[in-house]
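# Topology and contacts: notes
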Amino acid sequence: MEFTESYKQTGPCCFSPNARFIAVAVDYRLVIRETISFKVVQLFSCLDKISYIEWALDSEYILCGLYKKPMIQAWSLTQPEWTCKIDEGPAGIAYARWSPDSRHILTTSDFQLRLTVWSLLNTACVHLQWPKHASKGVSFTRDGKFAAICTRRDCKDYINLLSCHTWEIMGNFAVDTLDLADIEWSPDDSAIVIWDSSLEYKVLIYSPDGRCLFKYQAYESGLGVKSVSWSPCGQFLAVGSYDQMLRVLNHLTWKTFAELMHPYTVRGPCYAAVFKEVDEPLQLDMSELCLSDDFSQGNDDSPEEPFRVRYEVMEVPINLPFQKPPSEKPNPKQGIGILSWSNDSQYICTRNDSMPTILWIWDIRHLELAAILVQKDPIRAAAWDPTCTRLVVCTGSTHLYMWTPSGAYCVHVPLPQFTITDLKWNSNGSCLLLKDKESFCCAAVPLLPESSEYSSDE
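Sequence order as written defines residue numbering, which begins from 1 separately in each chain. Confidence filtering applies because this is a predicted model: local features only for residues at pLDDT of at least 70, side-chain atom pairs given and counted only at 80 or more, and all residues used for totals across whole chains, interfaces and linings. As a rule here, side-chain values cover all heavy atoms of the structure and leave hydrogens and water aside.

### Regarding the packing of aromatic side chains
Any two of the Phe, Tyr and Trp rings considered here, Trp counted by its six-membered ring, make a pair once their centres fall within 6.5 Å; the pair's planes then place it as stacked at under 30 degrees, edge-to-face at over 60, or tilted in between. The tally for this structure, following the rule as stated, stands at 22 aromatic pairs. Aromatic pair Trp230 and Trp254: ring centres 5.9 Å apart, planes at 75°, arrangement edge-to-face. Here Trp230, found in strand β23 (residues 225–230), pairs with Trp254, found in the loop between β25 (245–250) and β26 (256–261); they are 24 residues apart in sequence, far enough to count as distant. In this pair, the class of Trp230 matches that of Trp254, namely buried. Through a chain of ring-to-ring contacts, three or more aromatic side chains come together here, namely Tyr7, Phe38 and Phe440. The cationic tip of Arg33 hangs over the ring face of Tyr7; the distance from NZ or CZ to the ring centre is 4.2 Å. The lysine or arginine in question, Arg153, covers the ring of Tyr158, its NZ or CZ lying 3.9 Å from the ring centre. Starting at the N terminus, helices and strands are each numbered in turn, a helix being any DSSP run of H or I of at least four residues and a strand any DSSP run of E of at least two. Note on classification: 1.4 Å probe, protein chains only; a residue is buried when its accessible area is under 20% of the maximum for its type, exposed when over 50%, partly exposed between these limits. Whether a charge lies above a ring is judged from NZ of Lys or CZ of Arg, which has to be within 6 Å of the ring centre and within 35 degrees of the ring normal.

Below is the structure:
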């Protein structure tokens, strides 16, 4: 892997959907760089510090959320002189997003008073009263023709279906939730999944015409759903819960066909590879090194012994480190907090928040555990390569951790005092964006051979 030098950032950083550009927030400025050459191609100055950025799907426009103002500014890469400013006045702006056609911006006001659709073509706007959430509760179909938007009135949750061409309400229906948490269209646009807040375990599958296709409730009288994700192929729906289990439903009958546990002790028979991060002292041959007496006497303080980080394959049974959340505090750190599918829908990785240093990788095709990564530090982020079966993990250390079906390995980032707190792939899988607290860099990732054997060290 090849790494760029580090550059300053003070907020969000993200690749454009076409993978050609990187947008970086540096205080009031929005810096646009080319992914390949890394040279600055555009520099925009905003009216306040940038809190949020999002690319339009066509990669031509980009919006900046200045939530302290509050205000939205949008820019064009092809027409640098063009600009757009959205200010809701006293209503404020809590969140903004692009529509799939890249020519409309949806904003949610403070206190969820209304959702507004702003047109960049004719300055027209459409209002929808009482959106349920600021950043959640809005989902677009894969073809970009329809939007499902959650609203709440008279103490009841509703789904509103809007045409993304005219922004007229095509229909709305009430849903059987106490406090709707979020919604998401299926990848084939045939169904909408809705799940309740953590206080009520309830997952509902609705058709676009408002029929409830299935109601799933794994248990009662306990904290419920924590994470939900469709597989890219659309055949599976994964549900992570506070009871530290992952359940997978199929799209034909909506029945559960897999219930995957995250035990504190892994016992045999277990065919999964367990990779544990370890520090290995570097063995330096000092036998032929001659030093003068004066030099050796003046250097009594021996330097810290150098280490290299690698994975060691462990045998089962193995006890995994865990943290018992305090019962008297709200929002306990337990349950499936990270849930992510591989691009081919064969693998899914999970993190049980009561075991923050452990990443579980499941093979859904064979319904078995494929691997366990045991890290020294809590896992910050895990992201699958969008083009092949390769998983990248960061833990706030100076290393990247990668897993493929062939094995796992560690990569040291050769930048001084650069600790990776977040990471993102570009859309073609050729580049990784790595974030530190106040800087970022990019890594060129080599293509993964179809059959390769990786060693477990650097």
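### Notes on a nonpolar patch on the surface
A cluster of nonpolar residues, Phe111, Leu113 and Trp130, forms a patch on the protein surface that exposes about 380 Å² of accessible area. With respect to the helices and strands, Phe111 occurs in the loop between β12 (104–108) and β13 (114–119). Exposure above 30% relative accessible area and the absence of a salt bridge qualify a residue for a patch, where like charges join within 9 Å and nonpolar side chains (Val, Leu, Ile, Met, Phe, Trp, Tyr) within 5 Å. The method behind every accessible area is Shrake-Rupley, applied with a 1.4 Å probe, and residues are considered shielded solely by the protein chains displayed. Salt bridges are identified by distance alone: a Lys or Arg side-chain nitrogen within 4 Å of an Asp or Glu carboxyl oxygen.

### Observations regarding the pairing of β23
Regular strands have side chains that alternate between both faces of the sheet. With five of six residues buried, β23 lies mostly within the body of the structure. We treat two strands as partners when DSSP finds at least two bridges between them. In this structure, β23 lies alongside strand β24 (residues 236–241), joined through five bridges in antiparallel fashion. By the bridge assignment for β24, Val225 is matched with Ser241. Counted along the chain from β23 to the antiparallel partner β24, the turn is five residues long, and its residue Gly234 has a positive phi close to 85°.

### Let's talk about the pattern of salt bridges
Summed over the entire model, instances satisfying the criterion amount to 19 salt bridges. Arg247 is the partner of Asp243 in a salt bridge, and the nearest nitrogen-oxygen pair spans 2.6 Å. A salt bridge links Glu312 to Arg310, with the shortest nitrogen-to-oxygen separation between them at 3.6 Å. Take Glu312: its relative accessible area is 32%, and that puts it in the partly exposed class.

### With respect to the pairing of strand β38 (residues 407–412)
Of all six residues making up β38, five are buried, and the element is well covered by its neighbours. Sheet topology places strand β37 (residues 399–404) next to β38; six bridges connect them, and they run antiparallel. Within β38, the position partnered with Thr404 by the bridge is Gly407. Here β37 folds back onto β38, and the loop between the two strands holds two residues.

### Regarding the sheet that holds β23
In spatial order, the strands read β23-β24-β25-β26; together these four strands make up an open sheet with antiparallel pairing. Edge positions in the open sheet fall to β23 and β26, since each of these has one partner strand only. Shown here is a sheet whose adjacent strand axes are inclined to one another by a mean of 20°, direction ignored. Pairing analysis gives five bridges linking β25 to β26, with the strands arranged antiparallel. Note on geometry: axes are C-alpha line fits, over the in-contact stretch for helices, and angles between N-to-C directions span 0 to 180 degrees.

### Observations concerning the sheet that holds strand β31 (residues 336–341)
Overall, mixed pairing links the six strands, which are arranged β29-β28-β34-β33-β32-β31 in an open sheet. The open sheet is flanked by β29 (307–314) and β31, the only strands paired with a single partner. The sheet shows a mean angle of 20° between the axes of neighbouring strands, taken without regard to direction. Examined bridge by bridge, strand β33 (residues 358–363) and strand β34 (residues 368–374) share six bridges and lie antiparallel to one another. Across the sheet, the residue bridging to Trp360 is Ile372, located in β34.

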